[in-house]
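Coordinate inspection notes
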Amino acid sequence: MKLNLYPIRLPLRDPFTISRGTITYQDSLVVELKHDGIAGYGEVTANDYYGHTITAMSDALNGLSEEDLAMCFDDSPESNWLHFSKRLGGDMFSLSALDMASHDWHARHSGSTLWHHWGLKWNSDLQSSFTIGIDSIEEMKRKLDADSGWDLYKIKLGTDHDLEIIRQLRQCTTATFRVDANCAWSAQQTIDYSQELQHLGVQFIEQPLPRSADAADKQRVLEESSLPIIADEDCQTEADLETCFELFDGINVKLCKCGGLTPARKMLTEAKRRGKLTMVGCMVESAVGISGAAQLAPLLDFADLDGANLISGSPTDGVKVQCGNLHMPARLGIGAELVSTALPQFLVQ
Ligand SMILES: [Mg+2]
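Residues numbered from 1 in each chain as written. Predicted model: local features only at pLDDT ≥ 70, side-chain atom pairs only at ≥ 80, totals over all residues. Heavy atoms only, no water.

Naming follows an unreviewed UniProt entry, where the chain appears as Dipeptide epimerase of Rhodopirellula bahusiensis. Check the Sequence similarities (unreviewed entry) section of the UniProt entry for the chain; it says "Belongs to the mandelate racemase/muconate lactonizing enzyme family." (UniProt positions renumbered as here; feature names shortened; annotations may be inferred.)

Under the definition given, this model contains 28 salt bridges. The closest approach of N and O atoms between D68 and R87, which form a salt bridge, is 2.7 Å. Of this pair, D68 sits in helix α2 (residues 66-74) while R87 sits in helix α3 (residues 77-87), and the two are 19 residues apart along the sequence. For D68, a relative accessible area of 4% gives the class buried. Residue classification places R87 among the partly exposed positions, given a relative accessible area of 36%. Put simply, D304 and K154 hold a salt bridge, and the shortest N to O gap is 2.8 Å. In this pair, D304 is assigned in the loop between β11 (302-303) and β12 (316-317) and K154 in strand β5 (residues 152-156), connecting sequence segments 150 residues apart. Residue class for K154 comes out buried when judged on its relative accessible area of 1%. One connected set of salt bridges, linked through shared partners, spans K154, K156, D180, E206 and D304. (Salt bridge = Lys/Arg side-chain N within 4 Å of Asp/Glu carboxyl O. Helix = DSSP H or I, 4+ residues; strand = E, 2+ residues; numbered from the N terminus. Buried < 20%, exposed > 50% of the residue type's maximum accessible area, 1.4 Å probe, protein only.)

So, on to unusual backbone geometry. Although it is not a glycine, D36 adopts a positive phi angle of roughly 60°. You can see D36 is positioned in the loop between β2 (21-35) and β3 (38-45). Assessed through its relative accessible area of 55%, D36 is described here as exposed. For N182, which is not glycine, the phi torsion reads 45° and is therefore positive.

Mapped onto this numbering, the UniProt entry annotates "domain: Mandelate racemase/muconate lactonizing enzyme C-terminal" (unreviewed entry) at residues 137-228. For residues 137-228, helix accounts for 46% and strand for 16%, while the C-alpha atoms at its two ends are 25 Å apart.

Along the polypeptide, I38 turns up in strand β3. By relative accessible area, I38 is classed as buried at 18%. Contact partners of I38, with chain neighbours within four places excluded, come to L33, W105, R108 and H109. (Contact = heavy atoms within 4.5 Å.)

Let's shift gears to the packing of aromatic side chains. What the rule picks out here adds up to 6 aromatic pairs. Consider the rings of W115 and W122, whose centres lie 5.4 Å apart with planes at 45°: the pair is tilted. Classification of W115 as buried rests on a relative accessible area of 17%. Residue classification places W122 among the partly exposed positions, given a relative accessible area of 24%. Both rings, one in W185 and one in Y193, keep their centres 4.8 Å apart while their planes meet at 85°; by these two values the pair is edge-to-face. Under the relative-accessibility criterion, W185 is labelled buried at 4%. The exposure class of Y193 is buried, given its relative accessible area of 15%. The structure contains a cluster of three or more aromatic residues connected by ring pairs, namely F130, W150 and Y153. (Phe/Tyr/Trp six-rings, centres within 6.5 Å; stacked < 30°, edge-to-face > 60°.)

A few words on the packing of α2 against α3. Taken N-terminus to C-terminus, the directions of α2 and α3 make an angle of 155°; their axes are 11 Å apart at the nearest point. When the axes of α2 and α3 are compared, the pair comes out roughly antiparallel. Handedness of the crossing formed by α2 with α3: left-handed. Contacts between α2 and α3 involve D68, M71 and C72 on the former and, on the latter, N80, H83, F84 and R87. Its residues placed into classes, the contact of α2 with α3 shows 3 nonpolar, 2 polar and 2 charged. (Axes fitted to C-alpha atoms, helices over the stretch in contact; angles between N-to-C directions. Parallel < 35°, antiparallel > 145°, perpendicular 65-115°, else oblique. Left-handed = near helix turned anticlockwise from the far one by under 90°. Nonpolar A, V, L, I, M, F, W, Y, C, P; charged D, E, K, R; others polar.)

Counting residues in hydrophobic clusters, the biggest one holds 84 residues, and the most contacted among them are Y153, I155, I166, V179, L197, L296 and L305. Here this core gathers at least three residues from each of two domains, domain 1 (2-113) and domain 2 (117-338). Among residues more than four places away in sequence, those in contact with L197 are L163, I166, V179, W185, V202, I205 and L227. Ranked by size, the runner-up nonpolar core spans 27 residues in total, among them L33, L64, F93 and C256. (Core = buried A, V, L, I, M, F, W, Y, C linked by side-chain atoms within 4.5 Å. Domains from an automatic or database assignment.)

Here we take up the sheet that holds strand β4 (residues 130-132). If you walk across this open sheet you meet the 8 strands as β4-β5-β6-β7-β8-β9-β10-β11, and the pairing is parallel. Sheet topology places β4 and β11 at the edges, where each strand pairs with a single neighbour. Inspection of the sheet shows strand β7 (residues 202-206) paired to strand β8 (residues 229-231) by 2 bridges, in the parallel sense. Bridge assignment links E206 to a residue of β8, and that residue is I230. Here helix α7 (residues 162-170) sits on the sheet in contact with β5, β6 (176-180) and β7, set at roughly 160° to β6. (Pairing = 2+ DSSP bridges.)

Below, the structure written as structure tokens:
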């Protein structure tokens, strides 16, 4: 029984900007659970906004006991989740990587892919969007052009000229747009923008208002927006679900925020049962994280799993997202593996 941690630094193809700032590389932590000759993998990225560093997450995971580790292999990730949530002090980020590695190990141990192990049917119609970060309009056009061929683009907004960005990008492609304002808009702005955005071929608006905005404002946006409104920053854990069902048309679930595949699967299943739109998003992560999240495809209306497409080279291999299509490798579990020849150059000591 062994727990191995691989802290890696992933260089980005292009600097990536959202309404909160710009990054040129992404630090990430790959978790490997090994037992009975089988390795299960999970991944979580560091995130300054949510206050999670590689050191803190590594320390938390290295603090697990032999008994804890044995539980990962003896019991299901679902039955272990609450235990590890407590053991990791409620740190959903490190928990999500451990939970993914556990799911991967158990599915491999049973000789199955994870989605099949869960009893789900593969959703081959699902396509991922490709994200265009905030930049000058010329640069955003260049990025759209450099990754043409996708049917869906998620455009990050939150500037003082958001509609102009979409008008100009509309000239470049007939693809469907989704927009993510990352909390940058007011209620009135969202309602006003939604009409033109609908005419410009936008499918939905992700998180227009801040999480701290009044519920009455969110309610008004829900009622008066011409486009569906999807919760992201408002939908972090299972505890947020009821409020999101009241105030949004759908939810975007991120594994690192909710604590992994175990709660994500529950949240998405419940959202579908309640007639809400379902989406899974990612951070800028390598193929391990993307492969884990891709197992949820059967439960999704929308996918935003282009994280590994934004990095330059990778120490991992797994599900590939090419022009939006999800290609599953012929492997068990989540389908991911470490590329040992490439790993050393990405490892952070
Ligand atoms: Mg978002």
